[in-house]
Amino acid sequence: GVLIEDKHYISNPDDVKLFFGVKKLLKLAKKKCRLNIIVTNQSGIDRGYFSWDDYEKVTSKMLEIIGFPNYIDAIYACGSSSNDILDWRKPSPNMLLEAKNRFHIKMDESIMIGDRISDLKAGLDSGVRMAVHVLTGKGKKERDEIIKYFNFPENNENYQLPFKAKINNKNQEVLLINNLLDFKIDYLN
């Protein structure tokens, strides 16, 4: 729902379609010396809709479409459908914290982009500086929930996109945008 079109439990590599703006954003991030790490919930594996092998084929197709040089540094995936506290499944920050430890990432300089409230919660709980919500994928369904959760004005006429707001005393921000084409290079500074 962020990098590729959401196909609801996608298991066929032929269904992989990259969103506009993905390649450009990944390339810009690398030019700014940023790591591009994917963290993804894949509960369809636990639910029996597809296998890890199917997931790997879909991921390989995505990487093939992105092309070489590939601007993805790592991918963390959770195949569980449970929100067990020890699990990696977002909204748990565990996948992000694992990446932080492995790659020595400064989370207070990092950005999490997602289409679900669980993505934003995982990012913010891991300590990222900015959590970005896009309307692609499940984003349209979840935007109202995100606005309520962060106590943003519920009347969309009160703000224009992109809308950015500090959300707590840790200098963290939430950014609401339509899609990756709306992501400005300035946000990577």
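Look a little higher up for the structure.
Fair warning: this is a prediction, and the values are worked out from it, not measured in the lab. (Residues numbered from 1 in each chain as written. Predicted model: local features only at pLDDT ≥ 70, side-chain atom pairs only at ≥ 80, totals over all residues. Heavy atoms only, no water.)

## Considering the overall build of the chain
Convention followed: In this description a helix means any DSSP run of H or I spanning at least four residues, a strand means any run of E spanning at least two, and both kinds are numbered starting from the N terminus. C-alpha atoms define the radius of gyration, and 2.2 Å times the number of residues to the power 0.38 defines the globule rule. Whether a residue is buried, partly exposed or exposed follows from its accessible area with a 1.4 Å probe, protein chains only, as a fraction of its type maximum: under 20%, in between, or over 50%, in that order.
Along the chain, the regular secondary structure elements total six helices and six strands. Written out in order from the N terminus, the α and β elements of the chain read α-β-α-α-β-α-β-α-β-α-β-β. Taking 2.2 N^0.38 as the reference for a compact globule, 189 residues should give roughly 16 Å; the C-alpha atoms of the chain span a radius of gyration of 16 Å, in line with that estimate. Each principal axis of the C-alpha atoms in the chain carries an extent, and together these give about 45 × 35 × 35 Å. Expressed as a percentage of its 189 residues, the buried residues of the chain come to 46%.

## Observations regarding the sheet that holds strand β5 (residues 163-166)
Rules: In this scheme, strands are said to pair when DSSP sees at least two bridges between them. An axis is simply a line fitted to the C-alpha atoms; with a helix, the fit covers only the stretch in contact. Between two such axes, the angle follows the N-to-C directions and lies from 0 to 180 degrees.
Strand order in the open sheet formed by four strands is β3-β4-β6-β5, and the pairing between neighbours is mixed. Strand pairing shows two members of the sheet lacking a second neighbour, β3 (111-114) and β5, which therefore form its edges. When the angles between neighbouring strand axes are averaged without regard to direction, this sheet yields 15°.

## Considering helix α4 (residues 94-103)
Applicable threshold: The arc refers to the directions leading from the helix axis to the C-beta atoms.
Buried within α4 are the following residues: Met-95, Leu-96 and Ala-99. An end-on view of α4 places all buried positions within 100° of arc, on one side of the element. Two residues or fewer after α4 comes His-104, characterised by a positive phi angle close to 55°.

## Some details on the environment of Asp-87
Stated formally: The contact definition used throughout considers only heavy atoms, calling two residues in contact when any of these lie within 4.5 Å. Distance and chemistry together define a polar contact, namely a pair of N or O atoms within 3.5 Å, with one atom able to donate a hydrogen and the other to accept it when in protein, and with adjacent residues in sequence counting only for side-chain atoms on both sides.
Here Asp-87 shows up in the loop between β2 (74-78) and α4. With a relative accessible area of 13%, Asp-87 lands in the buried category. Sequence-wise, Asp-87 and Ser-60 are 27 residues apart; in three dimensions their C-alpha atoms are separated by 25 Å. For Asp-87, the residues in contact, after removing those within four places along its chain, are Cys-78, Ser-80, Ser-82, Ser-92 and Asn-94. Within the local environment of Asp-87, its side chain forms a polar contact with the side chain of Ser-80, the two groups lying 2.8 Å apart.

## Regarding the packing of aromatic side chains
Think of a pair of aromatic rings as described by two things: how far the centres are apart, and how the planes are tilted against each other in angle. This is how it is decided: Classification of ring pairs uses Phe, Tyr and Trp, with its six-membered ring standing for Trp, and accepts pairs whose centres are within 6.5 Å; under 30 degrees between planes counts as stacked, over 60 as edge-to-face, and the remaining range as tilted.
For the structure shown, the criterion picks out seven aromatic pairs. Both rings, one in Trp-52 and one in Tyr-55, keep their centres 5.6 Å apart while their planes meet at 90°; by these two values the pair is edge-to-face. On the criterion of helical spacing, the pair formed by Trp-52 and Tyr-55 is a turn pair, its members being three residues apart in helix α3 (residues 52-66). Between the aromatic rings of Phe-183 and Tyr-187, the centroid separation amounts to 5.1 Å while the plane-to-plane angle is 75°, which identifies the pairing as edge-to-face. Here the aromatic cluster, defined as three or more aromatic residues joined through ring pairs, consists of Tyr-149, Phe-150, Phe-152 and Phe-163.

## Section: the environment of Ala-29
With respect to the secondary-structure elements, Ala-29 resides in helix α1 (residues 22-31). Along the sequence, Ala-29 and Asp-87 sit 58 residues apart, while their C-alpha atoms lie 29 Å from each other. When near neighbours in sequence (up to four residues on either side) are disregarded, Ala-29 contacts Arg-34, Asn-36 and Leu-188.

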